[in-house]
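# Survey of secondary and tertiary structure
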Amino acid sequence: MSLTDTPSAERVHIGFFGMRNAGKSSLVNRITGQEMSVVSDVKGTTTDPVRKTMELLPIGPVVIIDTPGFDDVGELGQKRVQKTVEILGLTDIAILVTDASREMTSEEKELIDIFKTKNTPYLVVYNKSDLLDGTVEAAEGSIYVSSKTGENIYELKEKIGRVVSEAKTTKYLVSDLLSPGDFTILVVPIDESAPKGRLILPQQLVIRDLLDHGFAFACCRPSELAEVLSSLKEKPALVITDSQAFSEVAKIVPEDVDLTSFSILMARYKGELLRLSEGVGKLGTLKDNARVLISEGCTHHRQCNDIGTVKIPKLLRKYTGKDINPEFTSGRDFPLDLKGYDLIIHCGACMLNDKEMQRRVELASSFGVPIVNYGIAIAAMNGIFDRSLKPINERLARDSQ
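Residues numbered from 1 in each chain as written. Predicted model: local features only at pLDDT ≥ 70, side-chain atom pairs only at ≥ 80, totals over all residues. Heavy atoms only, no water.

## Let's talk about unusual backbone geometry
Negative phi characterises most residues that are not glycine, and trans characterises most peptide bonds. For the record, the criterion: Working definition: helices are DSSP H or I runs of at least four residues, strands are E runs of at least two. Numbering for both runs from the N terminus. In this scheme, a residue with accessible area under 20% of its type's maximum is buried, one over 50% is exposed, and one in between is partly exposed, where area comes from a 1.4 Å probe on protein chains only.
Its identity is not glycine, yet Asn 119 carries a phi of approximately 55 degrees, on the positive side. Of note, Asn 119 is situated in the loop between α3 (106–117) and β5 (122–127). The class of Asn 119 is exposed, set by a relative accessible area of 67%. With phi around 65 degrees, Ala 349 is a residue other than glycine that occupies positive phi space. In this fold, Ala 349 is placed in the loop between β13 (343–346) and α11 (354–366). Overall, Ala 349 belongs to the buried group, its relative accessible area being 1%.

As structure tokens, this is what we get:
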């Protein structure tokens, strides 16, 4: 992926929900201008969520998700309904598509209640307006359209764009931690687990944030860090390292230079740094045979010295002195039932959007299972937890003054 691409996690996720045969797929096809979903008069044609990344004006880069009917029947149908509920966990904007020629069903009203419970902005779209006699005035937060004739499709996209604008907040990875003229060093290990010919997404995002806000920086490997530091006329304001090099880098960087990691910056960027930090206390209390879930949001090919499946379990056993039982998940495969786990260690979630990461943290909280991320856990096990959060805590202190 290049620096000009917008990753899925950084795109607005727009989910289309409703009953079977309400015209969700037809509407999605009309909005996107593509045959994204299979359409027929047979109920339940959409059997699994269909995703499409694209540019949708006037919004910009988005992920469109077409979901199965919420009134699907039978055992398989219930699994599809459950999948629809899971999709809500990563939806930034929900679109409820209902048939304008009939009354709203109890299931549709249930969906609206779920949107409200999850604090998900939503619009009610009355489809098939071509079947109505005359013009009907839409209430606030709703619109009448026809996926068949194209009526009000442009207005619907404009309406979605306004909801996105109202819900969007300005986020920074690192630039707001710096002052004008500050210089940063990025420490990027290049080993067998590094992707060939490119940087991993958190590194790309940090670089882009620094460039966008006019900050100079240098990149190096851990083995070159000491030389780079000695070559500078002035000390850098901040050193950002890959978490797996925390121990090595912390020994090189002077104590009066701020130090953190890409993973910790991602936890803050996703809005979950506080709750992920609260799980640190559990690390030192794990007992023999503790069940630790190590979860990653992507599905990359595992290397022989993989950070999630090899390095973190090894560090955890060394730190606790206990025989830990790690379990692993990746991609969208995150358990709904977390009962029995003693701790969850999650990756930086660069491939998950904010809503999905928040859903996972909230799910862990509902089961009373502490959760930390890679950077936080590694910093704590290397005795530099407070130091790694210092740049962020200093920013919070400035904001509170």
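## Details of the packing of helix α1 (residues 24–32) against helix α4 (residues 153–167)
Inclusion rule: Axis definition: a line fitted to C-alpha atoms, limited for helices to the stretch in contact. Angles are taken between N-to-C directions and run from 0 to 180 degrees. Throughout, the term roughly parallel applies to angles under 35 degrees, roughly antiparallel to angles over 145, roughly perpendicular to angles from 65 to 115, and oblique to all others. The contact criterion used is simple: two residues touch if any of their non-hydrogen atoms lie within 4.5 Å. As a working rule, the residues Ala, Val, Leu, Ile, Met, Phe, Trp, Tyr, Cys and Pro are called nonpolar, Asp, Glu, Lys and Arg charged, and the rest polar, with Gly in that last group.
In the contact formed by α1 and α4, the axes pass within 10 Å of each other and the chain directions differ by 85 degrees. In terms of orientation, α1 and α4 fall into the roughly perpendicular class. In this structure, α1 contributes Leu 27, Arg 30 and Ile 31 to the contact, and α4 contributes Ile 153, Leu 156 and Lys 157. Grouping the amino acids of the contact of α1 with α4 by side-chain chemistry returns four nonpolar, no polar and two charged.

## Overview of the sheet that holds strand β9 (residues 238–241)
Where we set the bar: Two strands are said to pair when DSSP picks up at least two bridges between them.
On the basis of which strands lie adjacent, the open sheet formed by four strands has the order β8-β7-β9-β10 and parallel pairing. Each end of this open sheet is capped by a strand with a single partner; those strands are β8 (216–220) and β10 (258–261). Across the sheet, the mean angle from the axis of one strand to that of its neighbour is 20 degrees, orientation sign disregarded. Pairing of strand β7 (residues 183–187) with β9 involves four bridges; the strand directions are parallel.

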